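Observations on the three-dimensional arrangement
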Amino acid sequence: MPGPPTVLPAYGGGSLADVLPSVAGALSVPGEQNQLGLPPASRYAVLLLDGLGWNLLQRHAELAPYLSSLTARALTAGVPSTTAASLTSLGTGLPPGAHGIVGYSSIVPETGGLLNALAWDAPVDPRRWQPHPTVFERIAAAGVATRNVSKARFDKSGLTAAAFRGSAHRGADTVDDRLDATRFASREGSSSLVYVYDSQLDYTGHGQGCESWQWRKELTAADSFAQRVRAALPRDAVLVVVADHGMIDVAPDDRIDLDADPTLTDGLRLIGGESRFRHLYCVPGAEQDVATRYRELLGDRALVLSRAEAAARGWFGPVEERVAPRIGDVVVASLGPVALVAGRRFPQEAGLIGLHGSLTEDEMAIPLLVDAG
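Not measured: the values here are computed from a predicted model.

Val19, Tyr44, Leu67, Leu193 and Val240 are the most contacted members of the largest nonpolar core, which totals 76 residues. Beyond its immediate sequence surroundings of up to four residues, Leu193 is in contact with Leu20, Val23, Leu27, Tyr44, Val46, Phe136, Ile139, Val144, Ala145, Thr146 and Arg147. Ranked by size, the runner-up nonpolar core spans 18 residues in total, among them Ile256, Leu264, Leu268 and Leu298.

What follows is the structure in structure tokens.
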């Protein structure tokens, strides 16, 4: 059965990367453009609910009455539709081809090793890996009190340094801690921006599936949390709720284990990305054979493209020279309900139920929800 059509990222006016520049414009930061038409205000809070896809919210609107009541439009994630790339696009206002975090994991061309961008488990300087100024830095430079409310352990992470530098981190590990930190930070200075992150919906979806009763219960909890964030803000503040990607469930029988079939790793020197969006790094000269083999295996269940072909389709936005080698020589984007796991290399990922990363609408479409008070 053919997979669903792809959704191309709407960089430049309808993507996650456009949210913070628009917030900056709404805060009257000089030089910033409010392309999304957000309401002008002196105080903003941006709440990111990890994993809250537009389609999931539409299908379960009755479980999220507050979120569903807000002024809404659909945006797109970038490519790949995954947390590390999306959070960096949010923080920098740039597509992955510019900021350089091109997936959950990607090659470090200088060493040939693999960088997991969430764990930041390679000795890579995040400020060199992602050298562009963040939107947070630009907003803070204009005198706006700029804060980042998330788990305490994220304070020193490489991803935080790459994506959110310029914002003062407020470690908050419980719901009440996050609400208290938000309440305080939103009243600092004469104008303020508070970014609040919550990961529980994504965590539940990965472990139980986004079609599970556990996920639906967590959606109701996320709705309550968002409403409490709104209540914690000053009355004249604007709350924006976004997500980094959607999610689909993939059954065990629809997972292909690359580590279990030697023909699928022949010609590869490294496997990166994630199961719905694989970066395949090839032995020199093996690129065409690898691409042909994966096209024959997957048919219309996936798009199998060379690096140049994927870049030419605009998946990553304009790709900077330093970023290009981080993209797989061959890129495999799943369209049908199929996941390319690697059970030996990444055993934890191989057991996940809810997945994302590719270009289907369920994965790419994300909500932009606005509560102007």
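Let's pick the thread back up.
This part covers the domain arrangement of the protein. Segmentation of the protein into domains returns domain 1 (16–100 + 114–249 + 359–371) and domain 2 (252–354). Measuring from the centre of the C-alpha atoms in domain 1 to the corresponding centre in domain 2 gives 28 Å. Contacts between the two partners involve 25 residues from domain 1, matched on the other side by 22 residues from domain 2. Ranking the residues of domain 1 by area buried against domain 2 places Gly97, Leu114 and Leu359 at the top, with a combined share of 29%. The partner of Glu363 in a salt bridge is Arg276, and the shortest N-O contact between them spans 2.8 Å.

Our next topic: the sheet that holds strand E13 (residues 302–306). Whenever strands of a sheet pair, they do so through backbone hydrogen bonds, lying parallel or antiparallel. Pairing within the open sheet is antiparallel, and its four strands lie in the order E11-E12-E14-E13. Strand pairing shows two members of the sheet lacking a second neighbour, strand E11 (268–274) and E13, which therefore form its edges. Looking at each pair of strands side by side, their axes are set apart by 15 degrees on average, direction ignored. In the sheet, E11 pairs with strand E12 (residues 277–282) via six bridges, with the strands oriented antiparallel. Bridge pairing links Leu268 to Cys282 in E12. With respect to the sheet, helix H13 (residues 287–298) is in contact with E11, E12, E13 and strand E14 (330–334), its orientation differing from that of E13 by roughly 170 degrees.

The next thing to look at is the packing of helix H10 (residues 200–208) against helix H11 (residues 213–232). For the pair H10 and H11, the least separation of the axes is 9 Å and the interaxial angle reads 175 degrees. Our classification of the angle between H10 and H11 gives roughly antiparallel. Contacts between H10 and H11 pair Gln200, Leu201, Thr204, Gly205 and Gln208 from the former with Gln214, Trp215, Glu218 and Leu219 from the latter. The class makeup of the residues in the contact of H10 with H11 is three nonpolar, five polar and one charged.

So, about the environment of Leu239. The topology assignment puts Leu239 in strand E8 (residues 238–242). Sequence spacing of Leu239 and Val194 is 45 residues, and the spatial spacing of their C-alpha atoms is 9.4 Å. Contacts of Leu239, omitting those with residues within four sequence positions, involve Ala45, Leu47, Tyr66, Ala226, Val229, Arg230, Leu233, Leu369, Val370 and Asp371.

What follows concerns the layout of surface pockets. In this model, the largest pocket occupies a volume close to 1,100 Å³. Along the wall of the largest pocket there are 41 residues; nearest its centre are Thr83, Tyr104, Leu118, Asp202 and His206. Of all elements in the fold, only helix H4 (83–92), strand E4 (113–116), strand E5 (145–150), helix H8 (158–163), strand E7 (192–198), H10, E11 and helix H15 (347–350) reach the threshold of two or more residues within the lining of the largest pocket. Looking at the lining of the largest pocket, the element that brings in the most residues is H10, giving four residues. Its residues placed into classes, the lining of the largest pocket shows 17 nonpolar, 16 polar and eight charged. No fewer than three residues from each of domain 1 (16–100 + 114–249 + 359–371) and domain 2 (252–354) sit in the lining of the largest pocket. There is about 210 Å³ of room inside the second largest pocket.

With that settled, the discussion passes to the pairing of strand E17 (residues 365–371). Along E17, seven of the seven residues are buried, which leaves the element largely enclosed by surrounding structure. Of the two faces of E17, the one holding Ala365, Pro367, Leu369 and Asp371 and the one holding Ile366, Leu368 and Val370 are both buried throughout. Pairing analysis gives six bridges linking strand E2 (residues 71–76) to E17, with the strands arranged antiparallel. Bridging from a neighbouring strand, Leu75 pairs with Ile366 of E17. The pairing of E8 with E17 spans three bridges and is classified as antiparallel. Bridge pairing links Val240 to Val370 in E17.

What counts, and where the lines are drawn
Residues numbered from 1 in each chain as written. Predicted model: local features only at pLDDT ≥ 70, side-chain atom pairs only at ≥ 80, totals over all residues. Heavy atoms only, no water. Core = buried A, V, L, I, M, F, W, Y, C linked by side-chain atoms within 4.5 Å. Buried < 20%, exposed > 50% of the residue type's maximum accessible area, 1.4 Å probe, protein only. Contact = heavy atoms within 4.5 Å. Domains from an automatic or database assignment. Buried area = accessible area lost by both parts, 1.4 Å probe. Salt bridge = Lys/Arg side-chain N within 4 Å of Asp/Glu carboxyl O. Pairing = 2+ DSSP bridges. Helix = DSSP H or I, 4+ residues; strand = E, 2+ residues; numbered from the N terminus. Axes fitted to C-alpha atoms, helices over the stretch in contact; angles between N-to-C directions. Parallel < 35°, antiparallel > 145°, perpendicular 65-115°, else oblique. Nonpolar A, V, L, I, M, F, W, Y, C, P; charged D, E, K, R; others polar. 1 Å grid on protein atoms, 1.4 Å probe; cavity = no way out; pocket = protein on both sides within 12 Å on 5 of 7 lines; lining within 4 Å. Points joined across faces, edges and corners; volume = space filled by probe spheres on them.

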